[in-house]
Amino acid sequence: MNNISAVAGIVIKELYRRKDFYVLFIVTILICLVMASINIYNDAHIVRYLKEICLDLIWVSTLVIAVTTTARQIPAERENRTLLPLLAKPLTRVQLLLGKFLGCWLACGLALLCFYIFFGALAASREHHWSVLNYFQAGILHWFLLGIVVAFALLGSLIFAAPSSNATICFVIIGGILFVGRNLDRVALGLGAVGRNLVLALYFALPHLEFYDLRDLVVHNWPTVPWTYFCLALLYAALYMAVFLIAACLVFRRKAVN
Amino acid sequence: MTTIVRMEKLRVEYRSREMRQATKVALCGLDLEVGAGEVFGFLGPNGAGKTTTMNVLLGFVPPTSGTASLFGIDVRQPIARQRIGYLPELTYYYKFLTAEELLRFYARIFGLSRADANRRIPELLKLVELEPAAKRPIKSYSKGMQQRVGLAQALINNPDLLVLDEPTSGLDPLGRMKVREIIQRLKNEGKTVFFSSHELGEVESVCDRVAIIHQGELKAVGRVAEITGRHTNLEQAFLAIVGYPLQPAP
């Protein structure tokens, strides 16, 4: 565990010493503050549009941080040859991968926390109350979604040599799952027997990332999700993270790193 | 004498990525032993298989056949690397870290306590003369300074075996002298050093024994005087062993 946390610490240090997070955070703040200063519906009490825009920006920014941070981890280590002195130490490849995963996931969590604190402050300044439980559920589920994305991008970084190609492929697949994944069962109904079975298999095999999207709940101040479903969603995410990480370990186990 | 490094019938083949290309044999039945306290020079022309041998010893590349062990432990076991220090040929380290942070990170990987790390890190920074730059990010270091950071990280666990892959490559004469001094110092402390180099004069001056490898095969192994034999120096002997036609002296 010591080795895993040491590697994770380096990943977190890298994130806060790079400019990516700060740029995205400042851009989000600026856009939201500009939107907050405009009274679009001529009613200062309408805050939903502002919350929606802010949450959309947070989703895009955190996905960008998760994918770009994770996609470069192993390829950059290989390219810069930092992997060699690292693996020449008593550190197993599984520990290295778990450390990278934990570091990226925690780094995303820290970024998410900053974004949600800003979001909470912005919403409270207009609504004058905090839906703490809503924000908690939305934040935790969002963080677990990022865990799936990080594990997936880490697996991709072992298959694709260049960080840019891995990042692009991850964005396309994650975007595809987010926008199309939930409708695959309906698409299957209009296909022939073979096509339907294939699409349905895909529908059940792909992670349902829409489970983790509580933006509407936060925007409209709806009641919280029942805690049983909330916990089941966390378990479901943990399962997918484990599957992607096991696959990554199997790929990395016998890979020559010279 | 205890054997620290042992390779038996070591063979490494690389499958070509291009279709219809034959498999490339990087190492062909290498048998080699390095004893405790020896400074062992591993020589060979470019592409001879020196780095591949080191990559197998460090567990980066699995051998196609044969065995390799460090301190009697199979190199595939991570614990075999607990007592070794390694300096790669081209050293790059995390550029966003300072030298002190980098050493602290590696100390943690070796399981050094905070107190041991606090004592060891300043010692090493002093040894490689990086004390004034210890809190600067590595990205601001010159090539020579980066090589010295590499040397410091290789010594962080006070290793019993030091594996150096062309440690003086790209260094200025002062840097080379410093590396030679460190190797000499480790030798005096009874440590084992296994290193590859193209600087044959340097090898001659610091090594107890040398091995010459060519096209993946071991061509000669023995004490420097034995290898030099009837030749005037190690360079002449090396050229003769790898089959380079020697020109008569004018």
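Heads up: these notes are all about the structure in this document. Sequence positions are assigned chain by chain, starting from 1 and proceeding in written order. The lettering of chains begins at A and the numbering of ligands begins at 1, in the order of writing. Totals for whole chains, interfaces and linings use all residues, but because this is a predicted model, local features are given only for residues with pLDDT of at least 70 and pairs of side-chain atoms are given and counted only at 80 or more.

**A look at the overall build of chain B**
Consideration 1: The helix and strand tally for chain B stands at 8 helices and 10 strands.
Consideration 2: Two things to know: the radius of gyration comes from C-alpha atoms, and the globule rule equals 2.2 Å times the number of residues to the power 0.38. For a compact globule of 250 residues, the expected C-alpha radius of gyration is about 18 Å, and chain B comes in at 19 Å, within 12% of that figure.
Consideration 3: With respect to the principal axes defined by its C-alpha atoms, chain B has extents near 55 × 45 × 40 Å.
Consideration 4: Three classes are used. A residue is buried when 20 or more other C-beta atoms lie within 10 Å of its own, exposed when 12 or fewer do, and partly exposed in between, with C-beta atoms placed from the backbone. Within chain B, buried positions represent 46% of all 250 residues.
Consideration 5: For every residue pair, C-beta atoms are placed from the backbone, and the pair is scored as a contact if these atoms sit within 7 Å. Contacts in chain B between residues far apart in sequence, at least 24 positions, make up 65% of those at least 6 positions apart. Counting from the N terminus, the helices are DSSP H or I runs at least four residues long and the strands are E runs at least two residues long.

**Describing the interface of chain B and chain A**
Consideration 1: Listed by partner, the interface residues are 24 residues for chain B and 22 residues for chain A.
Consideration 2: Per element, the largest residue contribution to the side of chain B that touches chain A is 4 residues, and it comes from helix α2 (residues 99-109) of chain B.
Consideration 3: Classification convention: Asp, Glu, Lys, Arg as charged; Ala, Val, Leu, Ile, Met, Phe, Trp, Tyr, Cys, Pro as nonpolar; all other residues, Gly among them, as polar. Within the side of chain B that touches chain A, the residues separate by chemical class into 17 nonpolar, 5 polar and 2 charged.

**Examining the packing of helix α1 (residues 2-17) of chain A against helix α6 (residues 93-127) of chain A**
A pair of packed helices is captured by two measures, namely the crossing angle of their axes and the spacing between those axes.
All names here are of chain A.
Consideration 1: Note on definitions: angles span 0 to 180 degrees between N-to-C directions of axes, and those axes are lines fitted to C-alpha atoms, for helices only across the stretch in contact. Where α1 meets α6, the closest approach of the two axes is 7 Å, and the angle between their N-to-C directions is 40°. As far as their axial angle goes, α6 and α1 are oblique. α1 and α6 meet at a crossing whose hand is right-handed. On the side of α1, the interface is formed by Asn3, Ile4, Ala6, Val7, Ala8, Ile10, Val11, Ile12 and Leu15, while α6 contributes Gln95, Leu96, Leu98, Gly99, Lys100, Leu102, Gly103, Cys104, Leu106 and Ala107.
Consideration 2: Classifying every residue of the contact of α1 with α6 by side-chain character gives 14 nonpolar, 4 polar and 1 charged. Orientation is classified from the angle alone, with under 35 degrees giving roughly parallel, over 145 giving roughly antiparallel, 65 to 115 giving roughly perpendicular, and any other angle giving oblique. The hand of a helix crossing depends on one turn: near helix anticlockwise from the far one by less than a right angle means left-handed, and clockwise means right-handed.

**Section: the environment of Thr53(B)**
Consideration 1: Within the secondary structure, Thr53(B) is located in helix α1 (residues 50-57).
Consideration 2: Between the alpha carbons of Thr53(B) and Ala117(B) there is a distance of 31 Å; along the sequence they are 64 residues apart.

**Digging into the sheet that holds strand β1 (residues 3-14) of chain B**
Residues and elements named next belong to chain B.
Consideration 1: If DSSP finds at least two bridges between two strands, the strands pair. The 4 strands lie next to each other as β2-β1-β4-β5, forming an open sheet whose pairing is antiparallel. Looking at strand neighbours, the two that pair on one side only are β2 (24-35) and β5 (73-74), the edges of this open sheet.
Consideration 2: Where β1 lies against strand β4 (residues 65-70), 5 bridges are found, and the strand directions are antiparallel. Its bridge partner being in β4, Arg6 is matched across the sheet by Ser69.

**Topic: helix α2 (residues 20-37) of chain A**
Residue and element names in this part refer to chain A.
Consideration 1: When the terminal C-alpha atoms of α2 are compared, their 26 Å separation across 18 residues agrees well with the 26 Å that a helix rising 1.5 Å per residue should span.
Consideration 2: By the burial criterion, the buried members of α2 are Phe21, Leu24, Thr28 and Cys32. Angularly, the buried residues of α2 cover 75° about the axis, an arc narrow enough to put them on a single face. In α2, the exposed positions that point more than 90 degrees away from the buried face belong to Tyr22, Val23, Ile26, Leu30, Val34 and Ser37.
Consideration 3: Where the residues of α2 are buried, they touch α1, α3 (48-71) and α6. Multiplying 1.5 Å by the residue count of a helix minus one yields the expected span of that helix. It is the directions from the helix axis to the C-beta atoms that the arc portrays.

**Description of helix α10 (residues 193-205) of chain A**
Note on helix geometry: an α-helix contains 3.6 residues per turn, so any two residues three or four positions apart are oriented the same way.
Consideration 1: Counted at 1.5 Å a residue, the expected span for α10(A) with its 13 residues is 18 Å, and the 18 Å between its end C-alpha atoms agrees.
Consideration 2: Of all 13 residues that make up α10(A), 0 are buried, and the element is exposed over most of its length.

**What about unusual backbone geometry?**
Consideration 1: The phi torsion at Arg81(A) lies on the positive side, around 60°, for a residue other than glycine.
Consideration 2: Among the structural elements, Arg81(A) can be located in the loop between α4 (73-79) and α5 (83-87).
Consideration 3: Backbone geometry at Gln215(B) places phi at a positive 50°, although glycine is not the residue there.
Consideration 4: Tracing the sequence through the fold places Gln215(B) in the loop between β9 (209-214) and β10 (217-223).
Consideration 5: What makes Gln215(B) partly exposed here is the crowd of 16 C-beta atoms within 10 Å.

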